[in-house]
Amino acid sequence: MLRIPCPWCGPRDEPEFRWGGEVPVLRPGPPEAVCAAAWAEYLFMRENPKGWVRERWVHACGCRQWFVVIRNTVTHEIRATAPLGEPLPEIGP
Amino acid sequence: MRFSALALARSALSFHDNWPQLWRSPEPKRRYDVLVIGGGGHGLATAYYLAKEHGIGNVAVIEKGWLGGGNTGRNTTVVRSNYFYPESARLYELSLRLYEELSGELGFNIMLSQRGILTLAHSSHQLEMLARWLNAMQLNGIDGELLDPPAVRRWLPLLNDSAAARYPLKGAVLQRRGGVARHDAVAWGYARAADGLGVDIVQNCEVVGFLRAGDRIVGVDTTRGRILGDKVALAVAGHSSVLCAKAGFRLPVTSYALQAFVTEPVKPVLACVAVSMATGTYVSQSDKGELVVGGGLDLYPSYAQRGNLPTLQEVVAGLLELFPAFGRLRMLRQWAGVVDVVHDSSPIIDHAPVQGMYLNCGWGTGGFKAIPAGGLVFAHLIATDRPHPAAEAFTLRRFATGALIDEGAAAGISH
Ligand SMILES: Cc1cc2nc3c(=O)[nH]c(=O)nc-3n(C[C@H](O)[C@H](O)[C@H](O)COP(=O)(O)OP(=O)(O)OC[C@H]3O[C@@H](n4cnc5c(N)ncnc54)[C@H](O)[C@@H]3O)c2cc1C
Ligand SMILES: [Zn+2]
């Protein structure tokens, strides 16, 4: 069971949250200039790292806010969380 | 040596002390025609078919742990071919047919038990989805039957189908040829047969990087030194992204933990495999008498082979709603494997975007049933540089062209 510190509500149990994908994933544009391969990169291709990752979560059964989490995909340790757009520590090894 | 009743009797005379090793454990050679990375079912079957179908015996299977210790040895062993789209039906049916002959082919009992798989509907909407799915199966030439509640009751006497049930019974689709097989035996059988054809199986050897000559991959760096290979074929399931990052490209793969557990053994109580559309829980009974139970993925990406409690709890809750009597059983073991999930729940069997490298991944939660076909079509691709006719649709390119084969959405279940 993860205990995830929501930036607004404090630590809560993992079933209250939904995982929302790794970040950053930047939308390419303008749409008419984007080729199929670039759309595929944006929509489907992921780092899927083993170790530290930066990802987006939503507190679905709480305040319903989106925020960013730095999490380790091997140990499940959570190093930091922050509201979208606020600075987070760099993810080291 | 060939296994037979005679060999068993002869060995009994020496108290079974003289059985030979099933495969050698050779030091890796300097160079191979093909390096297969990953000693799971897909890697081992690929090596076997390279040697047998294409006469390429100078092959090594490189495994970082022990053979079959990844998802192949952790899965719940359901085999079936009741997929929705013709592309999938063709591939998985090929696999089931190969499974039906495999014990004889390998001279190794894989304990295939085609005891039937029932997918249960608990609402009229689910029943309609099942009927649609069954129609697709029949168009694809796959055996299947729609069962009404009385017929389901005969298959599953312990099912809670009372009027007050949280998940009332509306019907089921049955594939009689579905069932289970012994996972370790599949890995061991292919390993032994491949070894017999000259394939080197190298365990405790982790690939940590790739060797390049210009744009081409020409070998691997491992924890046991450098090994050259004209062709490098990846079959590493949940670790596909990790290795492809070392080769300089990304995949449409996300790695999740998938859990399963077994109960203490009891006398026969469940004659088939049962899957619930509402809860995602599925269950069968092993030959030892343990109930083998699985369900959905954990809630977020993970490389930890252990799984988290909330998902386990949900699976157990689903099981007990369906079969209240199982609440008396104690859980014996729980574990997880790291599975390679793609958006359309269909595999990728293709050239990698770098030369000299080949990909077999994306089987996600359901690739055990596909091991014989996966090995056969992957060997064909590696040997001929052309896709096998049964695997033409399973490209990496489909994520750009949009020609996805969305079995996750269509068949509605994950295993
Ligand atoms: C709990 C669970 C239940 C499942 N139930 C079913 C089911 O009922 N039916 C079904 O059809 N499928 C099921 N599956 C899915 C199935 O197990 C997999 O799709 C299938 O086993 C994949 O086989 P593989 O050979 O590709 O992968 P694996 O068996 O995982 O083999 C990959 C191997 O690569 C090795 N490896 C990784 N990185 C490296 C490296 N750097 N160097 C060397 N070696 C490396 C790993 O150690 C591993 O042994 C289940 C999976 C799980 C986890
Ligand atoms: Zn919150």
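Just so it is clear, the model here is predicted, and its values are computed rather than measured.

Caption draft 1: Representation of the packing of aromatic side chains in the model. All names here are of chain B. Here the structure, examined in full by the defined rule, presents 15 aromatic pairs over all chains. Taking 4.9 Å as the distance between ring centres and 20° as the angle between the ring planes, the aromatic pair formed by Phe 323 and Phe 326 counts as stacked. Residue Phe 326 is classed as buried on the basis of its relative accessible area, which comes to 6%. A cation sits over an aromatic face here: Arg 192 above Phe 3, 4.1 Å from the ring centre.

Caption draft 2: How the structure looks around the sheet that holds strand β4 (residues 52–58) of chain A. Residues and elements named next belong to chain A. Strand order in the open sheet made by the four strands is β3-β4-β5-β6, with antiparallel pairing throughout. Unpaired on one side and paired on the other, β3 (18–22) and β6 (78–83) mark the two borders of the sheet. Direction aside, neighbouring strands of the sheet carry axes that sit 30° apart on average. As judged from the seven bridges shared by β4 and strand β5 (residues 66–72), these two strands associate in the antiparallel manner. By the bridge assignment, Trp 57 is partnered in β5 with Phe 67.

Caption draft 3: Expanded view of the pairing of β6(A). As paired strands, β5(A) and β6(A) are joined by five bridges and run antiparallel to one another. By the bridge assignment, A:Arg71 is partnered in β6(A) with A:Ile78.

Caption draft 4: Looking closely at the coordination of the zinc ion (ligand 2). Around the zinc ion (ligand 2), the protein contributes the donor atoms A:Cys6 (SG), A:Cys9 (SG), A:His59 (ND1) and A:Cys63 (SG), which lie 2.0 to 2.3 Å from the metal centre. For the zinc ion (ligand 2), the four donor atoms in the first shell make angles of 105 to 119° at the metal, so the coordination geometry reads as tetrahedral.

Caption draft 5: The sheet that holds strand β14 (residues 282–285) of chain B, seen in detail. Residue and element names in this part refer to chain B. Pairing is mixed in the open sheet, where eight strands are placed in the order β5-β6-β4-β13-β14-β15-β12-β16. Unpaired on one side and paired on the other, β5 (145–147) and β16 (331–341) mark the two borders of the sheet. Neighbouring strand axes in the sheet, compared pairwise and without regard to direction, differ in orientation by 25° on average. Judged from the three bridges that link them, β5 and strand β6 (residues 171–175) form a sheet pairing that is antiparallel.

Caption draft 6: A look at the site of ligand 1. Residues and elements named next belong to chain B. In the neighbourhood of ligand 1, 38 residues make up the surrounding shell, with Glu 63, Asn 71, Thr 72, Thr 76 and Lys 369 lying closest. Note that an oxygen atom of ligand 1 is positioned 2.8 Å from one of the backbone N or O atoms of Gly 367. Within the backbone of Phe 368, a nitrogen or oxygen atom sits 3.0 Å from an oxygen atom of ligand 1. Protein contact buries 97% of the 1000 Å² of open area that ligand 1 shows by itself. Elements represented by at least two residues in the shell around ligand 1 include exactly α2 (41–54), β12 (254–263) and β16. Looking at the shell around ligand 1 element by element, the count peaks at three residues for β12. Residue composition of the shell around ligand 1, grouped by class: 15 nonpolar, 18 polar and five charged.

Caption draft 7: Broad picture of the environment of B:Val199. Residue and element names in this part refer to chain B. Its place among the elements puts Val 199 in the loop between α6 (183–196) and β8 (200–202). Since its relative accessible area comes to 0%, Val 199 is described here as buried. The spatial distance from the C-alpha of Val 199 to the C-alpha of Gln 259 is 32 Å, given a sequence separation of 60 residues. Aside from chain neighbours lying at most four places away, what touches Val 199 is Arg 24, Ala 47, Ala 51, Gly 57, Val 59, Val 61 and Ala 194.

Caption draft 8: Focus on unusual backbone geometry. A cis amide bond, omega 0°, links A:Val23 with the succeeding residue A:Pro24. Along the chain, A:Pro24 falls in the loop between β3 and α1 (36–43). Across the junction of A:Gly29 and A:Pro30, the peptide omega takes the value -5°, indicating a cis bond. With respect to the helices and strands, the residue A:Pro30 is situated in the loop between β3 and α1. A positive phi angle is found at B:Phe15, which is not glycine, with a value near 55°.

Caption draft 9: How the structure looks around helix α7 (residues 240–247) of chain B. Residue and element names in this part refer to chain B. Within the sequence span of α7, burial applies to Ser 240, Ser 241, Leu 243, Cys 244 and Ala 247. Buried positions in α7, seen along its axis, are confined to an arc of 165° and lie on one side of it. Packed against the buried residues of α7 are β1 (31–37), β9 (207–213), β10 (216–222), β11 (225–234) and β18 (357–361).

Caption draft 10: Quick peek at helix α9 (residues 371–384) of chain B. Residues and elements named next belong to chain B. Here α9 spans 20 Å end to end across 14 residues, near enough to the 20 Å set by a 1.5 Å rise per residue. With respect to burial, α9 is a largely interior element, eleven of its 14 residues being buried. Turning to α9, its buried residues are Ile 371, Pro 372, Ala 373, Gly 374, Gly 375, Leu 376, Val 377, Phe 378, Ala 379, Leu 381 and Ile 382. In the segment just after α9, Asp 385 is the residue with positive phi, at about 60°.

Caption draft 11: Geometry of the packing of helix α3 (residues 86–106) of chain B against α9(B). Residues and elements named next belong to chain B. Following both chains from N to C, one finds α3 and α9 inclined at 110°, their axes separated by 7 Å at the closest point. For the element pair α3 / α9, the angle class is roughly perpendicular. Residues Leu 91, Leu 94, Ser 95, Leu 98, Tyr 99 and Leu 102 of α3 lie in contact with α9, whose contacting residues are Ile 371, Pro 372, Ala 373, Leu 376 and Val 377. Classifying every residue of the contact of α3 with α9 by side-chain character gives ten nonpolar, one polar and no charged.

Cut-offs applied
Here the residue numbering is sequential within each chain, running from 1 through the sequence in written order. As a convention, the first chain written is A and the first ligand written is 1, with the rest following in written order. The predicted origin of the model limits local features to residues at a pLDDT of at least 70 and limits the giving and counting of side-chain atom pairs to 80 or more, whereas totals for whole chains, interfaces and linings rest on all residues. Side-chain measures here rest on the full set of heavy atoms in the structure, leaving out hydrogens and waters. To pair, rings of Phe, Tyr and Trp, with the six-membered ring standing in for Trp, must have centres within 6.5 Å; the planes then decide the type, stacked if under 30 degrees apart, edge-to-face if over 60, and tilted in the middle. Relative accessibility thresholds used throughout: buried, under 20% of the residue-type maximum; exposed, over 50%; partly exposed, between the two (1.4 Å probe, protein chains only). Here, a charge over a ring is recorded when the distance from Lys NZ or Arg CZ to the ring centre is within 6 Å and its angle to the ring normal is within 35 degrees. Here, strands pair whenever DSSP counts at least two bridges between them. Runs of E in the DSSP output that reach at least two residues are strands. Runs of H or I that reach at least four are helices, and both are numbered from the N terminus. The axes are straight lines fitted to the C-alpha atoms, using for helices just the contacting stretch, and the angles between their N-to-C directions are given from 0 to 180°. Note on donors: an N, O or S atom is included if it sits within 2.8 Å of the metal, or within 3.2 Å for Na, K and Ca, and water is never included, so sites can look incomplete. Between 85 and 135 degrees for all angles marks four donors as tetrahedral; over 155 degrees for opposite donors together with 65 to 115 for all other angles marks four donors as square planar and six as octahedral; every other arrangement is irregular. Each residue is tested against the molecule or strand, and it is near if at least one of its non-hydrogen atoms lies within 4 Å. Polar contacts, as used here, are pairs of N or O atoms within 3.5 Å; protein pairs need one atom able to donate a hydrogen and one able to accept it. Residues neighboring in sequence count only if both atoms are side-chain atoms. Exposure was quantified through the Shrake-Rupley algorithm and a 1.4 Å probe, taking into account, for residues, occlusion by the shown protein chains and nothing else. Nonpolar residues are Ala, Val, Leu, Ile, Met, Phe, Trp, Tyr, Cys and Pro. Charged residues are Asp, Glu, Lys and Arg, and all others, Gly as well, are polar. We call two residues in contact whenever any of their non-hydrogen atoms come within 4.5 Å of each other. Arc, as used here, means the arc of the directions from the helix axis to the C-beta atoms. One less than the number of residues in a helix, times 1.5 Å, gives the span that helix is expected to have. Convention used here: angles under 35 degrees read as roughly parallel, angles over 145 as roughly antiparallel, angles from 65 to 115 as roughly perpendicular, and any remaining angle as oblique.

Everything listed is a geometric property; what it means functionally is a separate question.
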